[in-house]
Amino acid sequence: MAFKDTSNTFSDIAITSRLEKVNSFLKELDSIIDFEKLRKTLNKNGIAKSNVAGAPAYDNVLMFKVLLLQKYYNLSDQAMEDALYVNLLYIRFTGLSLEDSVPDESTIGRFRNSLLKNKLYDKLFTLVNKQLQSKGFIAQTGKSILVDASLIKSHNTQIKNKTKEQKDNDKIAVKEINAELDIKIEAELQSPKSSAKKIKKLLNAKRHNSKTLKN
């Protein structure tokens, strides 16, 4: 599995070559999701085409990929900015070049807030979920899409062709995910400010996993 070919400079080619033998779900995600299909929705964001300094604004798709990375790896805006300077996988996934400037924390925050204000944030994650599901992958936790930054193949796809060992491995994977969800549910229940909405979401995710495994 590899990133889609977007090499424009020698540094892009060097990064792609360096990451060729690196296993990462980001490569798989980049090959599965057609991010250009999200552009029409992203363009409804209405964010300015230039930043406050008058320079061209960052590409909408690039910025949405930054938000995906934040969700998958639970990164704050500042941590995300720092990571985009040094993490080659993140740089390659977003489509940045080493010569490009990196979105700072305020730019990332403004972009996310703009999506939320225009009620596009949830819609975009729903569109990503649909693409994953159409390719036979499970969107495990609603808006979060993935659990622990890994893609899990749907058990309803080519089930007859799976060996007993593969089915057993799938069963173990789902049980491990559900065990992690149980921990999150328990932690939320013990929290002084526990959220019924969050607990319901976690329970729905666990119910979905169990139903998929049964099927």
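Residues numbered from 1 in each chain as written. Predicted model: local features only at pLDDT ≥ 70, side-chain atom pairs only at ≥ 80, totals over all residues. Heavy atoms only, no water.

(A) Molecular detail of the overall build of the protein chain. Along the backbone of the protein chain there are 10 helices and 0 strands. What you see in the protein chain, going N to C, is helices and strands ordered as α-α-α-α-α-α-α-α-α-α. For the protein chain, the proportion of its 215 residues judged to be buried stands at 40%. Residue pairs at least 24 apart in sequence account for 64% of intrachain contacts in the protein chain once pairs closer than 6 positions are excluded. For the protein chain, the exposed surface amounts to about 12,800 Å²; the carbon and sulfur share of it is 52%. (Helix = DSSP H or I, 4+ residues; strand = E, 2+ residues; numbered from the N terminus. Buried < 20%, exposed > 50% of the residue type's maximum accessible area, 1.4 Å probe, protein only. Contact = heavy atoms within 4.5 Å. Areas by Shrake-Rupley, 256 points an atom, 1.4 Å probe, with all protein chains shown as cover.)

(B) View of the packing of helix α4 (residues 60-73) against helix α7 (residues 105-117). For the pair α4 and α7, interaxial distance at closest approach is 10 Å and the crossing angle is 95 degrees. Here α4 lies roughly perpendicular to α7, going by the angle between them. On the side of α4, the interface is formed by N60, M63, F64, V66, L67 and Q70, while α7 contributes T107, I108, F111, R112 and L115. (Axes fitted to C-alpha atoms, helices over the stretch in contact; angles between N-to-C directions. Parallel < 35°, antiparallel > 145°, perpendicular 65-115°, else oblique.)

(C) Region of the structure containing the pattern of salt bridges. What the rule picks out here adds up to 5 salt bridges. A salt bridge links E36 to R39, with the nearest nitrogen and oxygen atoms 2.8 Å apart. Judged by relative accessible area, which is 48%, E36 ranks as partly exposed. In this structure, K198 and E188 form a salt bridge, with 3.6 Å as the shortest nitrogen-oxygen distance. (Salt bridge = Lys/Arg side-chain N within 4 Å of Asp/Glu carboxyl O.)

(D) How the structure looks around the nonpolar core. One finds L26, L42, F64, M80, Y90 and L115 to be the most contacted residues of the largest nonpolar core, which totals 38 residues. Taken together, the elements giving at least two residues each to this core come down to α2 (25-32), α4, α5 (77-86), α6 (88-94), α7 and α8 (121-134). Within the second largest apolar cluster, 6 residues are counted, among which are I177, L181, I199 and L202. (Core = buried A, V, L, I, M, F, W, Y, C linked by side-chain atoms within 4.5 Å.)

(E) Expanded view of unusual backbone geometry. One non-glycine residue, N74, lies in positive phi territory at about 55 degrees. Mapped onto the elements, N74 comes out in the loop between α4 and α5. Here N74 falls in the exposed class, since its relative accessible area comes to 71%. Of note, the phi angle at K119 is positive, near 55 degrees, even though the residue is not glycine. One can find K119 in the loop between α7 and α8.

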